[in-house]
Number of protein chains: 2
Amino acid sequence: MAKGASLSGFPEWLPQERVVEQQVMDTLRSIFELHGFLGIETRAVEKGSSLLKKGETSKEIYLLSRLQDLGNENDEPVEERLGLHFDLTVPLSRYVVENSGAIAFPFKRWQIQKVWRGERPQEGRFREFVQADIDVVGNGDLPSHYEVDVPLIMVEALEQLRAYGLPKATVHANNRKLSEGFYRGVGLTDIEGVLREIDKLDKIGADEVSRLLQEECGASADQASACLQLAELSAANGSELREKFDALCEAQGVDKDGEAYALALDGLNTLGMIVDEAAAIRPGAVIADLKIARGLDYYTGSVYETFLEGVSSLGSVCSGGRYDNLATQGKKTYPGVGLSIGLSRLVSHMLGSAQASASRISPAAVLVAVWDEEHRAQSNAIARALRSRGIATDVAPIAAKLGKQIKYADKLGIPYVWIPSTLDDNGENTAEEVKNIITGEQIPADASVWAPQEEFAKRHVEVKNAD
Amino acid sequence: MAKGASLSGFPEWLPQERVVEQQVMDTLRSIFELHGFLGIETRAVEKGSSLLKKGETSKEIYLLSRLQDLGNENDEPVEERLGLHFDLTVPLSRYVVENSGAIAFPFKRWQIQKVWRGERPQEGRFREFVQADIDVVGNGDLPSHYEVDVPLIMVEALEQLRAYGLPKATVHANNRKLSEGFYRGVGLTDIEGVLREIDKLDKIGADEVSRLLQEECGASADQASACLQLAELSAANGSELREKFDALCEAQGVDKDGEAYALALDGLNTLGMIVDEAAAIRPGAVIADLKIARGLDYYTGSVYETFLEGVSSLGSVCSGGRYDNLATQGKKTYPGVGLSIGLSRLVSHMLGSAQASASRISPAAVLVAVWDEEHRAQSNAIARALRSRGIATDVAPIAAKLGKQIKYADKLGIPYVWIPSTLDDNGENTAEEVKNIITGEQIPADASVWAPQEEFAKRHVEVKNAD
């Protein structure tokens, strides 16, 4: 990370690190567009009323106030004030409703943008970071095949990022209907509460979750145990999932003719379909994992988290789900399904453990030397000739000794130094030459035809410590 | 603009409009990198102390407060609070100081990011917009050739944007030393005040500026008139500039042996050099225009504004200057010169007057039809084969009648519909076919070898109403 990143939670990269982030963003965008997703950018701000649906007040949000209005900011209710978005799903929902007459449904969109969390500064927590999202939003209804398509596209995207040092990714899927049906089936009613506690399982462990389920959600010890047993279920295919689930329901005495079981079955079928269809295309890429709960409250069906092999400390790097009631306008609903990559976190890992970096700092392949300031125009003309053929070129900042100019190129990783013609001791023009300062090779060259060797032509991302 | 852009000053584009903005950003980035500039991204927030140097309080800034901390935000002094950056130059200065040990100087950087102005909502004013900046920052000193190089790169970049409907751009340059020397030469002392009033010339006219100079800056009627005469000077080359300036000094009785004239001469020489060197490379691209003042107070030498032919309403679309004292660390200074394109404003013009738009809404070249939901996997496999060869492909959202699927492709501007093999009435497999729904041509095709015709392969930007 840039040395002086002086504000905790607000990462900034050095130029050679930013190249990695830029490359990751470019790669994701190209994969998303290969699948026909449309790019949008939404404003950074939303009204408090959008950010705080259902009157939540626990959200970590940054509110804005005008410096010119200092001291009066609380005259306006929070709902009317502007705040920075904390994700890209809430803005998408607002955008879809506002532009429903102008876009075609299902609306497949990608979006790569910064989001903010108004948290206290904490070690290892970002308060500003980039997310890369894809969502498919329907008008009124949304076919369930998108619940397989979308996570598979994300797996494909993450697979592409392995070139930059990312370990193998696996999507863990669950379904909220399945969880809710089961919880109701064993007699629980505070479904949101149970989901919230189960979501903490990886962080605080089973004993603590059991305690919280009993203290906070009115569960008996047996009910808490049932919830934890459900969370332990995982399966690589639909029939195994069905078998394990039914065995658990049997053991817990869930009424198989009841409404709760029917709801669970609905979720179970979708989840089984997801796992089976994904397995047919990318075996092992998507597994059913019934402890996945997701903190955000707008999910109504499938939920997903994604983990990297051998890097449990990062947590989920790509999460999402299906939300049927987030975007509504009168009686109209716009159900959606989407996943969001925590891009800054990935880049952090690439730059850190994987030691990804730019092959050179400067995009330039050539530095044109300058004999003296009176002849700068000559060097500029050479640079123009090279650039006109797409060769990124810099010109030496000052007409220092040639050795110093070469040092400047070396510092920036620029592989070639162009040595313009000059007058030799006999008053004759010397030849134009270009020196590869990595190999040491120096040859006569003409700026209107010369081209760098392929391996030195473009800056790219290198990974020292690939997984 | 996206129909429901519901928040005044916060523009949002429809997907087909966003393509134009994205293309503009990609083009600028490629030009900047062609010239060896390094890309960085800084955090969106800065401390109040950075945003409000010299204790200014007139700035239009958005300050942040945590929702969880509501009501206590004014416990902290403004200097310690976080605010959204209003430009990319102040963040660059902070970044350079923080990372001075890790970057090579002169530091040539490009940066394309959103900035915010915490203004009241006003017709035609953006409160959130994208800027595209290049700057060169030196360590201790900065060669003056960058004062020609940087505006010329911007002219080249804006020239590239003419493909998207931008009219011809001309950079108008001035120099603050020249202005200050002249103002002092005629006996004025409130230099910042005079610059501030002169900056309003295009908006409020000469009479009003004259009145303000007299009322606010202690100028006599003659002094005000002298300032206005200076502002009227323009020249296409250095010698013409020198002639006109000297004639004015003569007429105003400026002492040619005084310090004030020496200061003016310093600025005059730089400005003359800029205009002459630029004319040698791109005649007419950069002119001397002595009314250019710039509102921002951190400029110390060259200042630039850029105007589009025939579009005076947009004002300057690319502005900047040289700042010698913005970034400092103890006794160290990091002088810089840079220009900033108001990208959102340009895109606004392209989408509006020039009617630039994406050639199609979807990036996909092909929509694979689906016979029935049971055969979706067959259509998915075709899509995978096409994508594996880089052909952006979508799959029909539902297995509706073929006509409806074609309509969906048409709505998104997808030129080809792929018709998978199916069983005909005799139980025989039909041929795979692909239909160009624009030309009507339908041919047998194999997804492992077929490719779209070049004109239909990639989405691009079209301009209906080129300048």
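All values derive from a computational prediction rather than experimental measurement. (Residues numbered from 1 in each chain as written. Chains lettered and ligands numbered in written order. Predicted model: local features only at pLDDT ≥ 70, side-chain atom pairs only at ≥ 80, totals over all residues. Heavy atoms only, no water.)

A closer look at the interface of chain B and chain A
A common way to report how large an interface is uses the accessible area buried once the components associate.
Here is step 1 of the chain: Listed per partner, the contact involves 94 residues of chain B and 94 residues of chain A.
Here is step 2 of the chain: Where chain B abuts chain A, roughly 7,600 Å² becomes buried across the two surfaces, and 55% of that area is made up of carbon and sulfur atoms.
Here is step 3 of the chain: Of all residues in chain B, E12(B), R66(B) and L67(B) bury the most surface against chain A, accounting for 9% of the area lost on that side.
Here is step 4 of the chain: Inspection of the region where chain B meets chain A yields 14 salt bridges.
Here is step 5 of the chain: With a shortest N-O distance of 3.3 Å, E41(B) and R18(A) are connected by a salt bridge.
Here is step 6 of the chain: Linking chain B to chain A there are 38 residue pairs in polar contact (both at pLDDT 80 or more).
Here is step 7 of the chain: Ranked by the residues each element gives to the side of chain B that touches chain A, the list is headed by helix α1 (residues 15-34) of chain B, at seven residues.
Here is step 8 of the chain: Among the residues forming the side of chain B that touches chain A, the class breakdown is 44 nonpolar, 21 polar and 29 charged. (Contact = heavy atoms within 4.5 Å. Buried area = accessible area lost by both parts, 1.4 Å probe. Salt bridge = Lys/Arg side-chain N within 4 Å of Asp/Glu carboxyl O. Polar contact = N/O pair within 3.5 Å; in protein donor to acceptor, adjacent residues only side chain to side chain. Helix = DSSP H or I, 4+ residues; strand = E, 2+ residues; numbered from the N terminus. Nonpolar A, V, L, I, M, F, W, Y, C, P; charged D, E, K, R; others polar.)

Some remarks on the sheet that holds strand β14 (residues 336-342) of chain A
All names here are of chain A.
Here is step 1 of the chain: Here nine strands make up an open sheet; going across it, the order is β1-β5-β6-β14-β11-β10-β7-β9-β8 and the pairing mixed. Here the strands that pair on one side only, and so sit at the sheet edges, are β1 (38-39) and β8 (234-235).
Here is step 2 of the chain: Sheet analysis places strand β5 (residues 107-116) next to strand β6 (residues 128-137), joined by ten bridges and oriented antiparallel. Residue I112 lies in a different strand from β6, and its bridge partner there is A132. (Pairing = 2+ DSSP bridges.)

Section: the relation of the copies chain B and chain A
Here is step 1 of the chain: Superposing chain B onto chain A takes a rotation of 180° plus a shift of 0.0 Å along the axis, which leaves an RMSD of 0.0 Å. The symmetry that links the two subunits is that of a two-fold axis. Relative to the rotation axis, the C-alpha of L64(B) is the closest in chain B, positioned 2.4 Å from it.
Here is step 2 of the chain: Comparing interface residues between copies, 100% of those in chain B also lie at the interface in chain A; the contact surface is shared. (Least-squares fit on C-alpha atoms with pLDDT ≥ 70 in both.)

Describing the state of the cysteines
All names here are of chain A.
Here is step 1 of the chain: The final tally for this structure, using the stated rule, is zero disulfides over all chains.
Here is step 2 of the chain: C217 provides the cysteine sulfur closest to C227, a residue in no disulfide bond, and the two sulfurs are 8.3 Å apart.
Here is step 3 of the chain: Judged by relative accessible area, C227 falls into the buried class, the value being 1%. (Disulfide = S-S within 2.5 Å. Buried < 20%, exposed > 50% of the residue type's maximum accessible area, 1.4 Å probe, protein only.)

Notes on the UniProt feature "binding site: L-histidine" (unreviewed entry) in chain A
Residues and elements named next belong to chain A.
Here is step 1 of the chain: Mapped onto this structure's residue numbering, the UniProt feature "binding site: L-histidine" (unreviewed entry) falls at D87, L88, T89, R117, Q131, D135, R294, Y298 and Y299.
Here is step 2 of the chain: The buried category is assigned to D87, whose relative accessible area is 4%.
Here is step 3 of the chain: Its location among the elements puts D135 in strand β6.
Here is step 4 of the chain: Contacts of D135, omitting those with residues within four sequence positions, involve F37, T89, L92, F107, K108, R109, Y323, V337 and G338.
Here is step 5 of the chain: One polar contact links D135 to R109, side chain to side chain, over a distance of 2.9 Å. (UniProt positions renumbered as here; feature names shortened; annotations may be inferred.)

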